[in-house]
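The primary structure of each chain is shown beneath.
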Amino acid sequence: MNPMGNPETEKRFEEAWKRWAARPPRQSPAEAAARVARRACERPARRLPVWLYPAAAAVVILISGITLLRIDRAVVAPSDRPGVQETVPLGQGQVLIWLDRNTPLYMTFQNP
Amino acid sequence: MNHAALVLQAQGGDMDAYSTLVELNWVRLVRFARSVTGDADAEDVVQDSLVTAWKKLGALKSPEAFPSWVLRIVARVAFRHARRHSRLTPLAAAENLIDPGSDRDREWVDVEHVLSLLPPRQRAVMHLTVIEGMSDSEIGASLGIAAASVRSHRRRARETLLPALRRMELQGGTES
């Protein structure tokens, strides 16, 4: 194989490799052909349409968004909180967040 | 009936014709897969490849190219399999390269173990060179690589194999 190596050893290795490769397969060609034919004729497992995956993801995102919005509204809803009557009415760009049942946080957003 | 006629029939959906093609190529493909993946998984790899080949048979433009086309499919599946089930043995750890088989069928060298020292593509190139006696251009066409790459793979494979064979000589593995 290589002038640097022992040609005799390399030749013997190639001969051993040929003997190793030449052993008959465990399945005869006819058995193998029958197996391949059987597998080739199997109906592939029914797969869901490709568009279904993004559609399912969109539905999950939509439901999550709606749920988060409802939670946000519940947090700022003044009707079921004590001390609500004392809160200042919200003006333009103002947001009220209840940090806990008794602590309102007013934030005002303005354009720079 | 020759390969091309059988391929044309198989492309028309004739499973009997395809089964004949499988029978004609089975032994050659298993031998190739053995050298790339090892003995244990070779037949499964070839079977998977032949099922894939059946599904893609319509894409084969020239029916007479079936033997090299199917070999390329087997090579691709075998490379993927060999990468996933990498059993490469570092040279330093390759202490016992003498065949551990029974006395009756004992070979002077554990061929599979020696081959496992090579990356899958080099095993494929060496198999097609040593076992099939193919030319560089034929090997390149079968594996989908340039003839220059074939020579490069073969040179690197020999650079790896030589120290292993020398080590084996030092171990006394050359004694018959």
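Please read all numbers here as calculations on a predicted model, not as lab measurements. (Residues numbered from 1 in each chain as written. Chains lettered and ligands numbered in written order. Predicted model: local features only at pLDDT ≥ 70, side-chain atom pairs only at ≥ 80, totals over all residues. Heavy atoms only, no water.)

Comments concerning the nonpolar core
Argument step 1. Within the largest apolar cluster, 46 residues are counted, with the highest numbers of intra-cluster contacts made by Tyr18(B), Phe32(B), Leu50(B), Leu57(B), Phe66(B) and Leu143(B).
Argument step 2. Of all the secondary-structure elements, those providing two or more residues to this core are α2 (29-41) of chain A together with α1 (3-11), α2 (15-37), α3 (39-56), α4 (66-84), α6 (120-130) and α7 (136-143) of chain B.
Argument step 3. Here this core gets eleven residues from one element, more than from any other, and that element is α2(B).
Argument step 4. When residues are assigned to domains, this core turns out to be shared by domain 1 (3-84) and domain 2 (91-171) of chain B, each giving three or more.
Argument step 5. Residues within four places of Phe32(B) in sequence aside, it is in contact with Leu71(B), Val74(B), Ala75(B), Ala124(B), His127(B), Leu128(B) and Leu143(B).
Argument step 6. Counting residues in each nonpolar core, the second largest holds 16 residues, with Val109(B), Leu161(B), Leu165(B) and Met168(B) among its members. (Core = buried A, V, L, I, M, F, W, Y, C linked by side-chain atoms within 4.5 Å. Buried < 20%, exposed > 50% of the residue type's maximum accessible area, 1.4 Å probe, protein only. Helix = DSSP H or I, 4+ residues; strand = E, 2+ residues; numbered from the N terminus. Domains from an automatic or database assignment. Contact = heavy atoms within 4.5 Å.)

Re α3(B)
At 3.6 residues per turn, the α-helix brings residues three or four places apart onto the same side.
Argument step 1. The end-to-end C-alpha distance of α3(B) is 26 Å, a good match for the 26 Å that 18 residues give at a rise of 1.5 Å each.
Argument step 2. Buried residues of α3(B): Asp39(B), Asp41(B), Ala42(B), Glu43(B), Val45(B), Val46(B), Gln47(B), Ser49(B), Leu50(B), Val51(B), Ala53(B) and Trp54(B), and no others.
Argument step 3. Looking at the buried residues of α3(B), the elements they touch are α1 (7-22) and α2 of chain A together with α1, α2, α4 and α5 (111-115) of chain B. (Expected span 1.5 Å × (residues − 1).)

Points about the pattern of salt bridges
Argument step 1. A complete count under the given rule lists six salt bridges over all chains for this structure.
Argument step 2. Linking Asp39(B) and Arg23(A) is a salt bridge whose minimum nitrogen-to-oxygen distance equals 3.1 Å. One end of the pair, Asp39(B), is in helix α3; the other, Arg23(A), is in the loop between α1 and α2, on a second chain.
Argument step 3. When its relative accessible area of 17% is taken as the criterion, Asp39(B) is described as buried.
Argument step 4. Judged by its relative accessible area of 30%, Arg23(A) is partly exposed.
Argument step 5. Residue Arg34(B) is joined to Asp39(B) by a salt bridge in which the shortest nitrogen-to-oxygen separation is 2.9 Å. (Salt bridge = Lys/Arg side-chain N within 4 Å of Asp/Glu carboxyl O.)

Regarding the environment of Arg35(A)
Argument step 1. In this fold, Arg35(A) is placed in helix α2.
Argument step 2. Discounting residues that sit within four places of it in the chain, Arg35(A) has contacts with Gln27(A) and Gln47(B).

Details of the packing of α1(A) against α2(B)
Argument step 1. At their nearest, the axes of α1(A) and α2(B) sit 9 Å apart, and the two run at 120 degrees to each other. Classified by the interaxial angle, the pair formed by α1(A) and α2(B) is oblique. As α1(A) packs across α2(B), the resulting crossing turns out to be right-handed. Residues Trp17(A), Trp20(A), Ala21(A) and Ala22(A) of α1(A) form the contact with α2(B), whose participating residues are Arg31(B), Arg34(B) and Ser35(B).
Argument step 2. Residue composition of the contact of α1(A) with α2(B), grouped by class: four nonpolar, one polar and two charged. (Axes fitted to C-alpha atoms, helices over the stretch in contact; angles between N-to-C directions. Parallel < 35°, antiparallel > 145°, perpendicular 65-115°, else oblique. Left-handed = near helix turned anticlockwise from the far one by under 90°. Nonpolar A, V, L, I, M, F, W, Y, C, P; charged D, E, K, R; others polar.)

Things to note about the pairing of strand β2 (residues 103-108) of chain A
All names here are of chain A.
Argument step 1. Pairing analysis gives six bridges linking strand β1 (residues 94-100) to β2, with the strands arranged antiparallel. Looking across to β2, one finds that Val-95 is bridged to Met-107.
Argument step 2. Linkage of β1 to β2, two consecutive antiparallel strands, is achieved through a turn of two residues. (Pairing = 2+ DSSP bridges.)

Describing the packing of α3(B) against α4(B)
All names here are of chain B.
Argument step 1. At a closest axis distance of 9 Å, the pairing of α3 and α4 adopts a crossing angle of 130 degrees. One finds that α3 runs oblique with respect to α4. With respect to the hand of their crossing, α3 and α4 are arranged in right-handed fashion. Where α3 approaches α4, its residues Asp-41, Val-45, Val-46, Ser-49, Leu-50, Thr-52, Ala-53 and Lys-56 are matched on the opposing element by Trp-69, Val-70, Ile-73, Val-74, Val-77, Ala-78 and His-81.
Argument step 2. Taken together, the residues that form the contact of α3 with α4 break down as ten nonpolar, three polar and two charged.

Section: the confidence of the model for chain B
Residue and element names in this part refer to chain B.
Argument step 1. Taken residue by residue, chain B gives an average pLDDT of 85. The fraction at 70 or more is 84%.
Argument step 2. Segment residues 88-100 is flagged for pLDDT under 50; beyond a separation of four residues in sequence, or across chains, it makes 41 contacts in the model.
Argument step 3. Scored as a whole, the predicted complex attains pTM 0.68, and scored at its interfaces, ipTM 0.78. (pLDDT = per-residue confidence, 0-100.)

Focus on a positive patch on the surface
Residues and elements named next belong to chain B.
Argument step 1. There is a patch of like positive charges on the surface, built from Lys-56, Arg-72, Arg-76, Arg-80, Arg-83, Arg-84 and Arg-121.
Argument step 2. Broken down by element, the positive patch gets its largest block of residues, five residues, from α4.
Argument step 3. Topologically, Lys-56 is positioned in helix α3. (Patch = residues over 30% accessible without salt bridge, like charges linked within 9 Å, V, L, I, M, F, W, Y side chains within 5 Å. Areas by Shrake-Rupley, 256 points an atom, 1.4 Å probe, with all protein chains shown as cover. Lys, Arg positive; Asp, Glu negative; His and termini not counted. Charge placed at Lys NZ, Arg CZ, Asp CG, Glu CD.)

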